[in-house]
Amino acid sequence: PEPALKIAGFGQARVVVGDRMLRSGDWRSITSRDLFFFLLCQGPATKDQLANTFWPDLSPGKLRSTLHVTIYRLRRALDPLETVVFEDDRYHFNRRLNYVFDAEMFEKLLVQAGAVAAANSARAIELYTQALDLFRGDFLEDYASGHDEWRVMRANELSEKYLEALDNVGSLLTQQQEHQVALDIFKRAVSYDPYRESARRGVMRSLVALQRRVEALRHYNELERFLETELGASPTAETERLYHRILANEPLTD
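We now turn to the structure provided with this report. (Residues numbered from 1 in each chain as written. Predicted model: local features only at pLDDT ≥ 70, side-chain atom pairs only at ≥ 80, totals over all residues. Heavy atoms only, no water.)

Glancing now at the overall build of the chain. Of regular secondary structure, the chain possesses eleven helices and six strands. A compact globule built from 254 residues would reach a C-alpha radius of gyration of about 18 Å, whereas the chain, at 23 Å, exceeds it by more than 25%. Projected onto its principal axes, the C-alpha coordinates of the chain cover approximately 75 × 45 × 30 Å. Looking at the 254 residues of the chain, the share that counts as buried comes to 45%. Counting only contacts in the chain whose residues sit at least 6 apart along the sequence, the fraction spanning at least 24 positions is 60%. Each charge class in the chain was averaged separately, 33 positive and 38 negative side chains, and the resulting centres sit 4 Å apart. (Helix = DSSP H or I, 4+ residues; strand = E, 2+ residues; numbered from the N terminus. Rg over C-alpha atoms; globule rule 2.2 N^0.38 Å. Buried < 20%, exposed > 50% of the residue type's maximum accessible area, 1.4 Å probe, protein only. Contact = heavy atoms within 4.5 Å. Lys, Arg positive; Asp, Glu negative; His and termini not counted. Charge placed at Lys NZ, Arg CZ, Asp CG, Glu CD.)

The next thing to look at is the sheet that holds strand β6 (residues 99-101). With mixed pairing, the four strands of this open sheet are ordered in space as β3-β2-β1-β6. Each edge of the sheet is formed by a strand with only one pairing partner; in this case those strands are β3 (20-21) and β6. In this fold helix α5 (residues 102-116) packs onto β1 (5-8) and β6, with an angle of close to 70° to the strand it touches most, β6. (Pairing = 2+ DSSP bridges. Axes fitted to C-alpha atoms, helices over the stretch in contact; angles between N-to-C directions.)

What follows concerns helix α11 (residues 237-247). Residues T239, L242, Y243 and I246 constitute the buried set of α11. Along the long axis of α11, the arc covered by the buried residues comes to 100°, so they all point the same way. Along its buried surface, α11 packs onto α9 (197-209) and α10 (213-231). Positive phi appears at N249, one or two residues downstream of α11, with a value of about 60°. (Arc of directions from axis to C-beta.)

A few words now on the side chain of S206. As for its placement among the helices and strands, S206 is situated in helix α9. For S206, a relative accessible area of 2% gives the class buried. Residues contacting S206, with those up to four places away along its chain left out, are T174, H179, A182, L183 and F186.

In this section: the pairing of strand β5 (residues 90-93). With four bridges connecting them, strand β4 (residues 84-87) and β5 associate as antiparallel partners. Each bridged residue has a counterpart across the sheet, and for V84 the counterpart in β5 is F93. Hairpin geometry of β4 and β5 is characterised by an intervening segment of two residues between the two adjacent antiparallel strands and by a positive phi of about 55° at D88.

Cis geometry is found at the peptide bond from D79 to P80, where omega equals 15°. Relative to the helices and strands, P80 resides in the loop between α4 (60-77) and β4. The phi dihedral of R28 is positive, around 70°, even though this residue is not glycine. Following the sequence through the fold, R28 ends up in the loop between α1 (24-27) and α2 (30-42). For N249, which is not a glycine, the phi torsion comes out positive at approximately 60°. Looking at the element boundaries, N249 is found in the segment after α11. The exposure class assigned to N249 is exposed, which follows from its relative accessible area of 57%.

This next bit is on the pattern of salt bridges. For side chains of opposite charge, pairing can occur when their charged atoms come near one another. All told, the structure shown has 13 salt bridges when counted by the stated rule. The salt bridge involving E87 is made with R96; its shortest N-O contact spans 3.0 Å. Residue class for E87 comes out partly exposed when judged on its relative accessible area of 31%. The exposure class assigned to R96 is exposed, which follows from its relative accessible area of 62%. With a shortest N-O distance of 3.1 Å, R196 and D167 are connected by a salt bridge. Highlighted residues: R196 in the loop between α8 (179-192) and α9 and D167 in helix α7 (residues 149-175), separated in sequence by 29 residues. One salt-bridge network, held together by shared partners, links E107, R154, E157 and K161. (Salt bridge = Lys/Arg side-chain N within 4 Å of Asp/Glu carboxyl O.)

Here's what the structure looks like:
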């Protein structure tokens, strides 16, 4: 059946209940929205854990009423679904619901791809591609909150998984001699994180495989200037060795 709850966390956050997409006014407060994503992403939490995250400066009496009002608003926003439940002295996102969440699906697809990569590279590429298509921007990139340290950590974790997936699928495509597609993948990684030298090396290797050696050397020179300007640093020894091998026209078979 069609999921009753659809949640998108990559890029701008979107929550759809049935056919109704929640607007900012539906939450009644930013904190009720924040609490929803916190429970969804961080798992069950006690009242004390929620207090330390969202209301560390409130008195016990004020905290009790504020928490109850926020939970009430959250539940009203997602009515008629029972989205938040209180069990074992903890608040939980109700995972018994029929729901889809792009960040969860992203990670599941990456696990599946990694499990089959050695035995079936074509299937792994397909799974990696499905996962990468879900990544439409940084996790909750429009999330503005005074208590989003957990969100920043989660966003960084997912960004690293995204970059690792690009590296992995680029390497698999290279093994299959799909050098132009691999080049596009490695360039995608460089565009997202220009400091990532594994992706830079992927670009250089792909260009050499496509008989575009001069462009590969130019890419290294651009990286060298970029790092010097931004960090006052040089490329790593591994990247420098690759550059000198290309410069010497050595085969890049390893």
